[in-house]
Protein chains: 2
Amino acid sequence: MAISSESASKSSPAGRVTLDDVAHLAQVSPATVSRCLNRPESVNLEKRTRVKQAIQALGYVPHGAARALASNQSRMVGAVFPAIDNTLFGASLDAFQRTMSDADYTVIVASSTYDPAREKQHVRRMLQSGIDALMLVGLARDDEIYELIRAHGIPYVTVWRSADHQPHPAVGFDNCAAAEHLTDYLFSLGHERIAVFSGILADNDRAQDRLAGVRKSYAKHGHKLADQYLIERPFGVEQGREMLRLIMSQDAPPTAIFCGAEPLAYGAIFEAAAQNIAVPGQVSIAAFDDTWLAAQISPKLTTVRTPNMEIGEEAAKYLIATLSGVQPPLPRPLETDLIIRESTGRPPA
Amino acid sequence: MAISSESASKSSPAGRVTLDDVAHLAQVSPATVSRCLNRPESVNLEKRTRVKQAIQALGYVPHGAARALASNQSRMVGAVFPAIDNTLFGASLDAFQRTMSDADYTVIVASSTYDPAREKQHVRRMLQSGIDALMLVGLARDDEIYELIRAHGIPYVTVWRSADHQPHPAVGFDNCAAAEHLTDYLFSLGHERIAVFSGILADNDRAQDRLAGVRKSYAKHGHKLADQYLIERPFGVEQGREMLRLIMSQDAPPTAIFCGAEPLAYGAIFEAAAQNIAVPGQVSIAAFDDTWLAAQISPKLTTVRTPNMEIGEEAAKYLIATLSGVQPPLPRPLETDLIIRESTGRPPA
DNA sequence: TTTTGATTTGAAAGCGCTTTCAAATGATAA
DNA sequence: TTATCATTTGAAAGCGCTTTCAAATCAAAA
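Parameters and conventions
Residues numbered from 1 in each chain as written. Chains lettered and ligands numbered in written order. Predicted model: local features only at pLDDT ≥ 70, side-chain atom pairs only at ≥ 80, totals over all residues. Heavy atoms only, no water. Least-squares fit on C-alpha atoms with pLDDT ≥ 70 in both. Contact = heavy atoms within 4.5 Å. pLDDT = per-residue confidence, 0-100. Pairing = 2+ DSSP bridges. Helix = DSSP H or I, 4+ residues; strand = E, 2+ residues; numbered from the N terminus. Axes fitted to C-alpha atoms, helices over the stretch in contact; angles between N-to-C directions. Near = heavy atom within 4 Å. Polar contact = N/O pair within 3.5 Å; in protein donor to acceptor, adjacent residues only side chain to side chain. Nonpolar A, V, L, I, M, F, W, Y, C, P; charged D, E, K, R; others polar. Buried < 20%, exposed > 50% of the residue type's maximum accessible area, 1.4 Å probe, protein only. Right-handed = clockwise from strand over helix to strand, strands pointing away.

Draft legend 1. Highlighting the relation of the copies chain A and chain B. Superposing chain A onto chain B requires a rotation of 180 degrees together with a translation of 0.0 Å along the rotation axis, leaving an RMSD of 0.1 Å. These values place the two chain copies in the arrangement generated by a two-fold rotation axis. Interface overlap between copies: 100% of the residues of chain A at the interface are likewise at the interface in chain B, consistent with a symmetric, same-surface contact.

Draft legend 2. Molecular detail of the confidence of the model for chain A. For chain A, per-residue confidence averages 93 on the pLDDT scale, and residues scoring 70 or more make up 96% of the total. Every residue in residues 1-13 of chain A is under pLDDT 50, and counting partners more than four places away or in other chains gives 3 contacts.

Draft legend 3. Structural detail: the sheet that holds strand β8 (residues 256-259) of chain A. Residue and element names in this part refer to chain A. Strand order in this open sheet of 6 strands is β7-β6-β8-β9-β10-β11, and the pairing throughout is mixed. Only two strands of the sheet have a single neighbouring strand rather than two, namely β7 (230-232) and β11 (337-339). Averaged over all pairs of adjacent strands, the angle between strand axes in this sheet comes to 15 degrees, irrespective of strand direction. With 4 bridges joining them, strand β9 (residues 284-289) and strand β10 (residues 302-305) adopt parallel strand pairing. Directly across from F288, in β10, lies its bridge partner V304. Sitting on the sheet, helix α9 (residues 205-220) touches β6 (194-198), β7, β8 and β9, and the angle it makes with β6 is about 175 degrees. Packed on one face of the sheet, helix α11 (residues 262-274) meets β6, β8, β9 and β10 and runs near 155 degrees to β9.

Draft legend 4. Broad picture of the protein's contact with DNA strand D. Surveying the vicinity of DNA strand D reveals 25 residues, the closest of which are T32(A), R35(A), L19(B), S34(B) and Y60(B). A share of 65% of the atoms of DNA strand D within 4 Å of the protein falls on sugar and phosphate groups. Contacts to DNA strand D include R67(B), whose side-chain N or O atom sits 2.9 Å from a phosphate oxygen. For the surface near DNA strand D, the secondary structure elements donating two or more residues are α2 (30-38) and α4 (64-71) of chain A together with α2 (30-38) and α4 (64-71) of chain B. Here the element with the most residues in the surface near DNA strand D is α4(B); it accounts for 5 residues. Residue classes in the surface near DNA strand D are distributed as 12 nonpolar, 8 polar and 5 charged.

Draft legend 5. Geometry of the protein's contact with DNA strand C. Residues in contact with DNA strand C amount to 24 residues; listed here are only the nearest, L19(A), S34(A), Y60(A), T32(B) and R35(B). Here the atoms of DNA strand C within 4 Å of the protein split so that 65% fall in sugar or phosphate, with bases taking the remainder. Between N38(A) and DNA strand C, the recorded distance is 3.0 Å, taken from a side-chain N or O atom to a phosphate oxygen. Contacts to DNA strand C include A70(B), whose backbone N or O atom sits 3.4 Å from a base oxygen. Mapped by element, the contributors of at least two residues to the surface near DNA strand C are α2 and α4 of chain A together with α2 and α4 of chain B. For the surface near DNA strand C, a count of residues per class yields 11 nonpolar, 8 polar and 5 charged.

Draft legend 6. Structural view of the pairing of strand β6 (residues 194-198) of chain B. Residue and element names in this part refer to chain B. Of all 5 residues in β6, 5 are buried; the element is thus mostly enclosed. Side-chain alternation along β6 places I194, V196 and S198 on one buried face and A195 and F197 on a second face that is also buried. Sheet analysis places β6 next to strand β8 (residues 256-259), joined by 4 bridges and oriented parallel. Within β8, the residue paired with F197 across the bridge is C259. The pairing of β6 with strand β7 (residues 230-232) spans 3 bridges and is parallel. Of the residues in β7, the one forming a bridge with F197 is I231. Chirality of the crossover, the property in question, places the unit of β6, helix α9 (residues 205-220) and β7 among those that are right-handed.

Structure follows, in structure tokens:
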């Protein structure tokens, strides 16, 4: 029969400090406190300061779930990336998060590991969590996901791929054109046997776009990408090394390699060094992304600079604008730059 | 005077599908539907299936905020990292997120950019969002933050640093011992002039620990770290390059360099190559983290492997266990490994 | 058959806020 | 001074769920 001190007096309850407590202390109604939180300018200055002080004094922290329930918005936004453990998406996520944070939004993040099923699952969970908006990488996915999102009536944006005639708002760049441009450059150097190191193409529209760009350039120059010049592996340095071994041991090895992502190129360069294959003397190597390593490695990597941070930031801005009632113009495709460094040159004679 | 179709009939409301709708369709009470969601085994099989079908049929998605409000738990956890755009923390975040996701938790993430004020702000916001648990990097921070967290009564865990006699649960490793060990190794090679490239020490207890470890080793060998051998810069490759330039142009340049983080080491190695300084011939370089590049770069980097993914995973597991009522043992310090590669050797004669 | 205890169920009371609505107040014009 | 309108305020009704509590049901024991 221990005596519990549970039943605290009404005037100073033991548990959480509520908005009502603040109202009490400040001698105003709960409604007024709420207004101070949401539209301070609509409250008389004197009361506003009283409330502010009461909040300070009590160390009041608003209850997010209660606010979300009552107001039907959570100030949380979701972002699902294929991966978050690399510089590429990391930079984007970082910018996205920072921009959102500055606008007083909190971000929920998840990585799909390039698996559509996981992505759908994450979207589901985020929707349940009550996110106000959502960011997704790429456009190609089950329509069911888009319907789910629409059913919840929240704005969303896809990134990393621009979409001229697409049904979905997109912040990104033209992967196909950029890839075509890079391949054109390789052709202009005199290469005709250009191999492609690609990430897994299934469920990755960015990778597909890039491959399409290469093909377009090939066609333009009256050639065709030979099957044995296309290798597909998960993104990774080791995979890049393996691909180089594979491709260079062919009967007619390529004189240039187009890498769909930078880790593949690093692997290729490292492996080339290990095998004493001169880059670009014997084989040129070019890639996508312009990560910090590109300009440091030897030979310095020729690569397409993609606007990773800008994507995160612009996507966030677009969502924020939409959420605040402005209907922002669909973001224009972002710029990419072909940065020519040392890893590409004329084909061997 | 347009006729609005707003006032929908009760039986099929226009808006959101609620638990009550499901209850109606399944011919049970809302309470039963709720039980199906939370403790299905407590509901008669027949009704349970009826409810399940109704949920399917209506495409019902529970309202997270409402659940959170009523049940006082949100199934969301927070994680604040100093940065999320690099492989190091990225790997940790990824593992954390995956583990949490498997336990049906959603993760809110933010990066403090090594700024205590931002960190506090993020913690505040997350607490408001109603997180059930929190992960923080390192132990050293304003007590106010810890009090805030305690006031909310949620479990938390600090990471990246083990804490024997610390007042806070920690998942990490002994930075000091690992650094001491690495420095010992350098001494054992015959080095006596060992410089330290450190990240900014203020507000970074991991960096401080590592420096302490170096000092300990110095002392043990009867020497003392000279002031001009300690350089402090933000983490980054460019900074590493700059530091190398600085340190090697001194009157008595060091014969070995201890880098508190890998980007610094990469910068040093790249710059050494640019300046024709032999590594390890003229100067040995060693670092912390064992990121994917360490084994690829030339010379291959001698480095301390830190358990980045394990940290994320273990931290998540600890939190999950705590949340489910189990009081898990405080995690033991994780292991680090000194991985000796090519960038270290005997000092020049 | 009745009794007992365990299991399953529903009614109803919130969780902590926002927001509508009408009342009160203040400022301005008549 | 009174009438008019804009501004500030508070009372109260939810938001969509969980959870307590007591009633109903069921199975087993008497």
